[in-house]
Amino acid sequence: MRIIPELHYDATKSSQGARTRTRERLGRAGFQSRNRRGDFTQNGPSGFHDADRRAGFLRPATFIPWLISRLRLIEKTSSDQGYATFARNLIAILPNKSIRTALAAQNENGRTGSQWHPSEHSRPLSLLNSLRAAFNSHGESGVDTQLRYSYHGLLTSRKFSKTDVEDQEKLADLRYPVEWYPATRTLQRKIILHVGPTNSGKTYHALKRLEQAKSGIFAGPLRLLAHEVYTRLNAQGRTCNLVTGDEKATHEGAEMQSCTVEMVPLNANVDVAVIDEIQMIGHRDRGWAWTQALLGLKSKEIHLCGEERSVPLIREIVASMGDEIEIHTYKRLSPLKTMSTSLQGKLKNLRKGDCVVVFSRVAIHNMKREIERLTQKRVAVVYGSLPPEIRAQQARLFNDPENDYDIIVASDAIGMGLNLAIKRIVFESVSKFNGVHTEIIEHAQLKQIAGRAGRYRTIAQAEPQVGHLENAQPESTNQRDITAPPPLGLVTTLYAADLPVLRKAMQAELDPIMSAGILPPTNILTRFATYFPPSTNFHYILLRLHELSLQHPRYHLCDLKNQTAIADIIQPVQSLTVHDRIVFCASPANPKRSSRMASTLRAFARCVGEHKSGALLDIPELLLDVLDEEMKLDRAYMERLESLHMALILYLWLSYRFAGVFINQGMAFYVKGLVEEKIDKLLAEYSASPAIREQIRRLREQALRQVSKLNRGRVMDQITQPQDELPHDALVLDDRSVQSPYNPEENAQARPMESLGHEA
């Protein structure tokens, strides 16, 4: 989202007194610093999220002048003289009339997306096409990335012999990922695939088998699910560890692990493993983690739970591994119906047992306040970033029929695992901001969330002491009143314009998953990097490996998201090893979501590369002084809080990888809790602000207008994002996991390169 701060704040200029107060506050909490030494989101010109307007901008008469102005900026500001010369040469070539004529001719023929290769440096038309394709996909940041890649390609391609290029191509042959896990291939495993719609009991059956095993692993898509299974197993007397990207809880003698799928321990030998939401193996960004778990887990028995459309692909993959497969298909245990009418935008039409699904934290708090004001009913809230204890308490309040919490407002996190006594799902919207633009939610996600209505059996009826998983529902009829009909689940929308989109999604037959995501293993990336001079931008090495890679048709290479941006940010830290860069590129840092993340990343990288103190209070780039400020309702204050929160998550993540550097893990957890408390209070205040409520109303009206056009068949795939945004795009809900740690053990050669593994 676009951020327009009301003021600028620089932590390095904050007063020594403020930092001293923060240090004293942490000292009173029992934390002491050790080893002290004493000492605009680039999505292109505004308005071009609209596909039609973007296509118009890509015409030669518009795009080339804009590109020349961009190149002039690079020529003036780049500290790399070679890069500045590269830009100057392009400026001289681009006004050539023959280039514009050829480009216009390609436009008429519909050919605009050719791929440029370094060897084609004598063909500026090919380069120009690749720059237009980059702008079409990723805006200004895509053009910048492609320009830098092209420049480094010209530099390095001249240094490679024919043998070098052939060796690089051999390393980039990723057609046989099954071979990346030699230790696992020595095992004869049994794969049990549980498929069916939501509320069919598939995950319940898999977890029951896990509970019976001597040792086992659960791997889920969200930290929320990992916490729930961890709580469930320990409550049943099965000692279980918790492992997520930024949090670990270990217990002596534990033979069970509950983790996010990116954190699956490939070197652990266990009896049973459960991998939830296996259909995400086809995800364009995170699919590699499910593929890694399926191909690499050293478990005698692996239970996969997910949608039926994953069956053909899983069959093929299991056959290629030589493992045994057994498929169980489940039917939904209770009926689900899409209502013929919406709530007509009237919150007074909500009733007991309703769940209103909302897609941002500030909007969740606003919705809760509005419902309570208009209906006089108590409202619970659930979203992924709530602390586990509060989330469990809110779920219990809603599930308990004896209290007056009749309605719950929740994020899309309920689509993956929360077991709530929901009678009706009400979508506040069928569109969602994805970090770049607002888009219509995919049919598969709408169906999954809708399926949470009409639960066959609630926690209160089944295992109230254990958490809130879908898995907790027993299916045997002898534990349920067999005379009672299964509850009818209803699904609708708050506004009439959204209902046709929802109805179409509910009736849609989802396409089968055609390929599984992969990323090159760490050892391949490390060896690939040896072909380049030490000063080569790591960004280029990542892109070059992706460019040369070959894949089998049943696999696809997952996208590089923030990894190349991180590589650029830490490039100036010369003392980092290749392994250090791989780890940092895997981190849960999203430079696009915080203007301060770049300075934080460089500071952390210097701590590692220059062997400096990583004590929390020794890093001035951390905005710790914001803790001493009075809470205020302005964007700048919210941005500082959220920048600190993201920096602390990154600190914790790194503390598990560089334990000797980032030494204040306990203090970081404590400060993170303080920041989360302030953010939640601020969000509640924001939701009461008339200005914020008016912004939410305007955004909602614009989304409804776009959906109405879509219903008439007159619009695009993406909804134009307005300029007057809510405080920060970090308010967008995100409970995805962070990437797995480097593991140098026996099977670690099979772990995908960390630099490409995280989706922030």
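Remember, it's a predicted structure, so these values are computed and weren't measured experimentally. (Residues numbered from 1 in each chain as written. Predicted model: local features only at pLDDT ≥ 70, side-chain atom pairs only at ≥ 80, totals over all residues. Heavy atoms only, no water.)

Peer 1: Mind laying out the environment of Leu683, listing which residues take part and the relevant values?
Peer 2: Within the secondary structure, Leu683 sits in helix α23 (residues 665-688). Sequence separation between Leu683 and Val362 is 321 residues; the distance between their C-alpha atoms is 5.5 Å. (Helix = DSSP H or I, 4+ residues; strand = E, 2+ residues; numbered from the N terminus.)

Peer 1: Residue-level account of unusual backbone geometry, with values.
Peer 2: The bulk of non-glycine residues show a negative phi, and the bulk of peptide bonds are trans. Its identity as a non-glycine residue notwithstanding, Gln344 has a phi of 60°, on the positive side. Relative to the helices and strands, Gln344 resides in the loop between β9 (336-338) and β10 (354-357). In this structure, Gln376 takes a positive phi of about 65° despite not being glycine. With respect to the secondary-structure elements, Gln376 resides in the loop between α13 (361-375) and β11 (378-382).

Peer 1: Quick rundown of the side chain of Ser515? Include the residues and the values.
Peer 2: For Ser515, the location among the structural elements is in the loop between α16 (499-507) and β17 (516-518). Of the polar contacts made by the side chain of Ser515, one reaches the side chain of His556; its length is 2.8 Å. Excluding anything up to four places from it in sequence, Ser515 contacts Ile281, Gly282, Leu313, Pro553, Arg554, Tyr555 and His556. (Polar contact = N/O pair within 3.5 Å; in protein donor to acceptor, adjacent residues only side chain to side chain. Contact = heavy atoms within 4.5 Å.)

Peer 1: A description of the pattern of salt bridges should follow, citing residues and the corresponding values.
Peer 2: Pairing between side chains of opposite charge can happen when their charged atoms approach one another. One pass over the structure, following the stated rule, counts 24 salt bridges. The partner of Arg70 in a salt bridge is Glu140, with the nearest N and O atoms 3.4 Å apart. Here Arg70, found in helix α3 (residues 60-77), pairs with Glu140, found in helix α6 (residues 124-157); they are 70 residues apart in sequence, far enough to count as distant. Of the two residues examined, Arg70 and Glu140, each falls in the buried class. A salt bridge links Lys432 to Asp412; the nearest nitrogen and oxygen atoms lie 2.5 Å apart. Pair noted here: Lys432 is in strand β14 (residues 431-433) and Asp412 is in the loop between β12 (405-410) and β13 (424-427), with a separation of 20 residues, a long-range link. Accessibility classification places Lys432 together with Asp412 in one group, the buried group. Several salt bridges converge on common partners, so that one network encompasses Arg70, Glu140 and Asp144. (Salt bridge = Lys/Arg side-chain N within 4 Å of Asp/Glu carboxyl O. Buried < 20%, exposed > 50% of the residue type's maximum accessible area, 1.4 Å probe, protein only.)

Peer 1: Give me the lowdown on the packing of aromatic side chains, citing residues and values where you can.
Peer 2: Centre distance and the angle of the planes are the two values used to describe a pair of aromatic rings. Taken as a whole and judged by the stated rule, the model has 14 aromatic pairs. Measuring from centroid to centroid gives 5.7 Å for Phe86 and Tyr151, while their planes differ by 45°, and the two rings are tilted. In this pair, Phe86 is assigned in helix α4 (residues 81-93) and Tyr151 in helix α6, connecting sequence segments 65 residues apart. In terms of burial, Phe86 and Tyr151 fall into one category: buried. Following the ring pairs from residue to residue traces out a cluster consisting of Phe584, Phe604, Tyr651, Phe658 and Phe662. The ring centre of Tyr83 lies 4.3 Å from the NZ or CZ of Arg148, which sits over that ring. We note Arg657 situated over the ring of Trp653; from NZ or CZ to the ring centre the distance is 3.8 Å. (Phe/Tyr/Trp six-rings, centres within 6.5 Å; stacked < 30°, edge-to-face > 60°. Lys NZ or Arg CZ within 6 Å of the ring centre and 35° of its normal.)

Peer 1: Requested: an account of the sheet that holds β11, with residues and values cited.
Peer 2: The parallel open sheet is built from six strands, whose spatial order is β9-β16-β13-β10-β12-β11. Only two strands of the sheet have a single neighbouring strand rather than two, namely β9 and β11. On average, each strand axis in the sheet is inclined to that of its neighbour by 25°, with strand direction left out of account. Pairing of β10 with β13 involves four bridges; the strand directions are parallel. Within β13, the residue paired with Cys355 across the bridge is Ile425. Set on the sheet, α16 makes contact with β9, β13 and β16 (489-493); between it and β16 the angle comes to about 140°. (Pairing = 2+ DSSP bridges. Axes fitted to C-alpha atoms, helices over the stretch in contact; angles between N-to-C directions.)

Peer 1: Explain the pairing of β10 to me, and be specific about the residues and the numbers.
Peer 2: Alternating residues of β10 divide into Asp354 and Val356 and Cys355 and Val357, and every residue in both groups is buried. In this sheet, β12 lies alongside β10 in parallel orientation, the contact comprising four bridges. Across the sheet, the residue bridging to Cys355 is Ile408, located in β12.

Peer 1: With reference to specific residues and values, describe the side chain of His303.
Peer 2: By the secondary structure assignment, His303 is in strand β7 (residues 298-306). On the accessibility criterion, His303 (5% relative accessible area) is buried. For His303, the side chain forms a polar contact with the side chain of His194, separated by 2.8 Å. In this structure the side chain of His303 is engaged in a polar contact, spanning 2.7 Å, whose partner is the side chain of Glu301. Sequence-distant contacts of His303, that is, excluding residues within four places in its chain, are made with Ile192, His194, Ala206, Arg209, Val272, Ala273, Val274 and Ile275.

Peer 1: Just give me the short version of the sheet that holds strand β4 (residues 247-249), but keep the residues and values in it.
Peer 2: If you trace the eight strands from one edge of the open sheet to the other, you get β4-β3-β5-β2-β6-β7-β1-β8, paired in mixed fashion. Edge positions in the sheet fall to β4 and β8 (324-329), since each of these pairs with one other strand and no more. Each adjacent strand pair in this sheet contributes to an overall mean axis angle of 15°, direction not counted. The pairing of strand β1 (residues 190-195) with β8 spans six bridges and is classified as parallel. Bridge assignment links Ile192 to a residue of β8, and that residue is Glu326. Strand contacts of helix α9 (residues 202-212): β1, β2 (216-220), β5 (256-260), β6 (269-275) and β7, with the helix running at about 160° to β7, the strand carrying the most contacts.

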